[in-house]
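For reference, the chains in residue letters:
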Amino acid sequence: MKVLVVGSGGREHAICTALKRSKRLTKLYCAPGNAGIAQIAECVPIGVMEFDKLTAFAKENAIDLVVVAPDDPLAAGLVDELTANGIRAFGPDKKAAILEGSKAFSKDLMKKYGIPTAAYENFDDPAKALAYLENCSYPIVLKADGLALGKGVLICKDHDEAVAGVKEIMEDKKFGDSGNRMVIEEFMTGREVSVLSFCDGKSIRIMTSAQDHKRAKDGDQGLNTGGMGTFSPSPFYTDEIDAICKETIYQKTVDAMASEGRPFKGVIFFGLMLTKDGPKVLEYNARFGDPEAQVVLPRMKNDILDVFDACIDGTLDTVDLEFEDNAAVCVVLASDGYPVSYQKGFAINGLDAFEGKDDYFCFHAGTKFSDGSIVTAGGRVLGITAKGADLKEARKKAYEATEWVTFENKYMRHDIGKAIDEA
Ligand code: AMP
Ligand code: GLY
């Protein structure tokens, strides 16, 4: 099979790496890809929102399957466009991708179908939102309705912060049109878990769990980022919690989307909080997480092409997902200053150290070629992943491997997986 992956980050590198293991793969392309992906796929210089060019490329090259990985093209309907042109595509169509694309939609869906989540109200009028803030308890959480690169969530400790937050989101439009509507929701406490799943519109198969570290600095300080590191599985996601989620969240979500005439085919990523009242949904994403994919996919035993096919063909009920009985940890190497401002274009040294080592992965996120060498080209630069017999071993190996690579202004968190010690 000839496969085209759409995207350019660590997640896409992890997807490409999983695809390379498939016996059915004959040729792999990635648009636009990065310098790491270029070592295992042919990168084509087409952006993820250039739908016409992607469609033309897929037609001209007789691509058998396009895997759409990032949220923006999914929400904007790339899968619909490809399908309308007779090209097979993995990922939710526009109607289903709204599960991530509109937080107000997903909150209303959960309320309608009794899926546990934080209490909330939706607003499209800032005056009404401000009036609501007069009578709620703090802290409180404000969320821009639409996609905002994971940054549209504000946790406000008091009334003043919340008033400023409403202004930022709805009046100053800090997150653009994503702030035309807003969700105000109850603040929850508990451990967070990321659970990715495959869906075929009717059935759902759960992947192994993971935990992200969203804040930029050690001790969960600093600004929210795309994610600074992950581990898998989460020791806090016990069999008992898995059973509760299977009963109250997973299949119910798939059924709810089907009932709404929006059957979901692709990856649903459940952002869960394990509260004292049981697991609740923090958010849905309509795609693989990044860096979650960098610890989950290396542990998956199935041929990923079989699973993609089953999702598209509606035969997921015949698939048993299997994961290795081990653990993985990913530490993101970023450019110092991320997520605000940072310099890039620095040469990256030491990448050869990963060659021939089955337990170690150096997933590229923001890298590119410049004058024949690989240089930094983004905030998140590399995802250094290691597998081990257990989480502690995987963490030790991942941190060792972070030392193999050097570049100017290299930055990382030093406490990825610290929670493992509390398990
Ligand atoms: P989201 O993009 O919705 O996952 O939100 C980003 C982060 O904000 C989450 O990973 C949580 O850490 C935090 N968050 C979101 N919603 C809530 C909530 N209702 N209560 C507490 N923290 C939240
Ligand atoms: N790591 C969180 C996300 O992919 O949204």
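You'll find the structure just up there.
Quantities reported herein were computed from a predicted structural model and do not represent experimental measurements.

Participant: Now, about the site of ligand 1: what can you tell me, with residues and values included?
Facilitator: Close contacts around ligand 1 come from 13 residues, with E185, E186, M188, E192 and E283 the closest. Here a nitrogen atom of ligand 1 sits 3.1 Å away from a polar atom, N or O, in the side chain of K143. The side chain of E283 places a nitrogen or oxygen atom 2.8 Å from an oxygen atom of ligand 1. Those elements that place two or more of their residues in the shell around ligand 1 are β7 (140-144), β8 (153-156), β9 (182-186) and β16 (278-285). The class makeup of the residues in the shell around ligand 1 is six nonpolar, no polar and seven charged.

Participant: Before we move on, can you summarise the site of ligand 2 with the specific residues and values?
Facilitator: By nearness alone, every residue bordering ligand 2 is listed as D212, G226, F269, N285, R287, G289, D290, P291 and E292. Measuring from a nitrogen atom of ligand 2, one finds a backbone N or O atom of G226 at 3.1 Å. Protein chains shield 89% of the accessible area of ligand 2, which is 200 Å² for the free molecule.

Participant: Pulling in residues and values, what's your account of the layout of surface pockets?
Facilitator: Roughly 580 Å³ of internal volume is contained in the second largest pocket. Residue lining of the second largest pocket: 20 residues in total, with H13, Q39, I40, F354 and C362 positioned closest to the centre. Those elements that provide at least two residues to the lining of the second largest pocket are α1 (10-20) and β18 (360-364). The dominant element in the lining of the second largest pocket, judged by the number of residues it contributes, is β18, at five residues. Taken together, the residues of the lining of the second largest pocket sort by class into eight nonpolar, six polar and six charged.

Participant: Describe the pattern of salt bridges, listing the residues and the values that go with them.
Facilitator: Within the structure shown, the criterion is met by 27 salt bridges. With a closest N to O distance of 3.0 Å, E12 and R11 form a salt bridge. D71 serves as the salt-bridge partner of R287, at 3.9 Å between the closest nitrogen and oxygen. Of this pair, R287 sits in the loop between β16 and α10 (293-296) while D71 sits in helix α3 (residues 71-75), and the two are 216 residues apart along the sequence.

Participant: How would you summarise helix α8 (residues 159-171) if you had to cite specific residues and measurements?
Facilitator: Here α8 contains 13 residues, and its C-alpha end-to-end distance of 17 Å stays within 8% of the 18 Å for a straight helix at 1.5 Å per residue. Every buried residue of α8 is accounted for by A162, G165, V166, I169 and M170. For α8, the arc enclosing every buried residue in end-on projection is 100°, short of the 170-degree limit, so these residues lie on one face. Elements that come into contact with the buried residues of α8 comprise β6 (120-123), α7 (126-133), β7, β8 and β9. N-capping of α8 is provided by D158, with a side-chain oxygen placed 3.3 Å from the backbone N of D160. With its phi angle positive at about 55°, K173 sits one or two positions after the end of α8.

Participant: So what about the packing of aromatic side chains? Which residues, and what values?
Facilitator: Following the criterion strictly, the structure yields twelve aromatic pairs and no others. Ring centres of Y29 and F57 lie 5.1 Å apart, and the angle between their planes is 80°; on these two criteria the pair is classed as edge-to-face. Of the two residues, Y29 is situated in strand β2 (residues 27-32) and F57 in helix α2 (residues 51-60); the sequence distance between them amounts to 28 residues. A connected cluster of aromatic rings, assembled from ring pairs, spans F90, F198, F288 and F308. Over the ring of W404 we find K357, and its NZ or CZ is 4.9 Å from the ring centre.

Participant: Describe in detail the sheet that holds β8, supporting the description with residues and values.
Facilitator: Adjacent strands of a sheet pair through backbone hydrogen bonds, lying either parallel or antiparallel. Taken in spatial order, the four strands make up an open sheet running β6-β9-β7-β8, and their pairing is antiparallel. At either end of the open sheet lies a strand with only one pairing partner, and these are β6 and β8. Averaged over neighbouring strand pairs, the angle between their axes works out to 20° when direction is ignored. For β7 and β8, the ladder comprises four bridges, and the chain directions are antiparallel. In the sheet register, I140 faces β8, and the bridge partner there is C156. Running at roughly 5° to β7, α8 makes contact with β6, β7, β8 and β9 of the sheet.

Participant: Got a sec to walk through unusual backbone geometry? Specific residues and values, please.
Facilitator: Residue P139 is reached from Y138 by a cis peptide bond, and omega for that bond is 0°. With respect to the element layout, P139 can be found in the loop between α7 and β7. Cis geometry marks the peptide bond from D290 to P291, where omega comes out at 20°. Here P291 lies in the loop between β16 and α10. A positive phi angle is found at D371, which is not glycine, with a value near 50°. Inspection of the secondary structure puts D371 in the loop between β19 (367-370) and β20 (373-376).

Participant: Quick one: what's the story with the pairing of strand β10 (residues 191-200), residue by residue and with numbers?
Facilitator: In terms of burial, β10 is a largely internal element, eight of the ten residues being buried. Bridge count for β10 against strand β15 (residues 265-275) is ten bridges, and the pairing is antiparallel. Each residue of the ladder has a partner; that of V195, found in β15, is F270. Alignment of β10 against strand β11 (residues 204-212), held across five bridges, turns out to be antiparallel. Within β11, the residue paired with S194 across the bridge is A210. Here β10 folds back onto β11, and the loop between the two strands holds three residues, one of which, G201, carries a positive phi near 100°.

Rules behind the numbers
Residues numbered from 1 in each chain as written. Chains lettered and ligands numbered in written order. Predicted model: local features only at pLDDT ≥ 70, side-chain atom pairs only at ≥ 80, totals over all residues. Heavy atoms only, no water. Near = heavy atom within 4 Å. Polar contact = N/O pair within 3.5 Å; in protein donor to acceptor, adjacent residues only side chain to side chain. Helix = DSSP H or I, 4+ residues; strand = E, 2+ residues; numbered from the N terminus. Nonpolar A, V, L, I, M, F, W, Y, C, P; charged D, E, K, R; others polar. Areas by Shrake-Rupley, 256 points an atom, 1.4 Å probe, with all protein chains shown as cover. 1 Å grid on protein atoms, 1.4 Å probe; cavity = no way out; pocket = protein on both sides within 12 Å on 5 of 7 lines; lining within 4 Å. Points joined across faces, edges and corners; volume = space filled by probe spheres on them. Salt bridge = Lys/Arg side-chain N within 4 Å of Asp/Glu carboxyl O. Expected span 1.5 Å × (residues − 1). Buried < 20%, exposed > 50% of the residue type's maximum accessible area, 1.4 Å probe, protein only. Arc of directions from axis to C-beta. Contact = heavy atoms within 4.5 Å. Phe/Tyr/Trp six-rings, centres within 6.5 Å; stacked < 30°, edge-to-face > 60°. Lys NZ or Arg CZ within 6 Å of the ring centre and 35° of its normal. Pairing = 2+ DSSP bridges. Axes fitted to C-alpha atoms, helices over the stretch in contact; angles between N-to-C directions.

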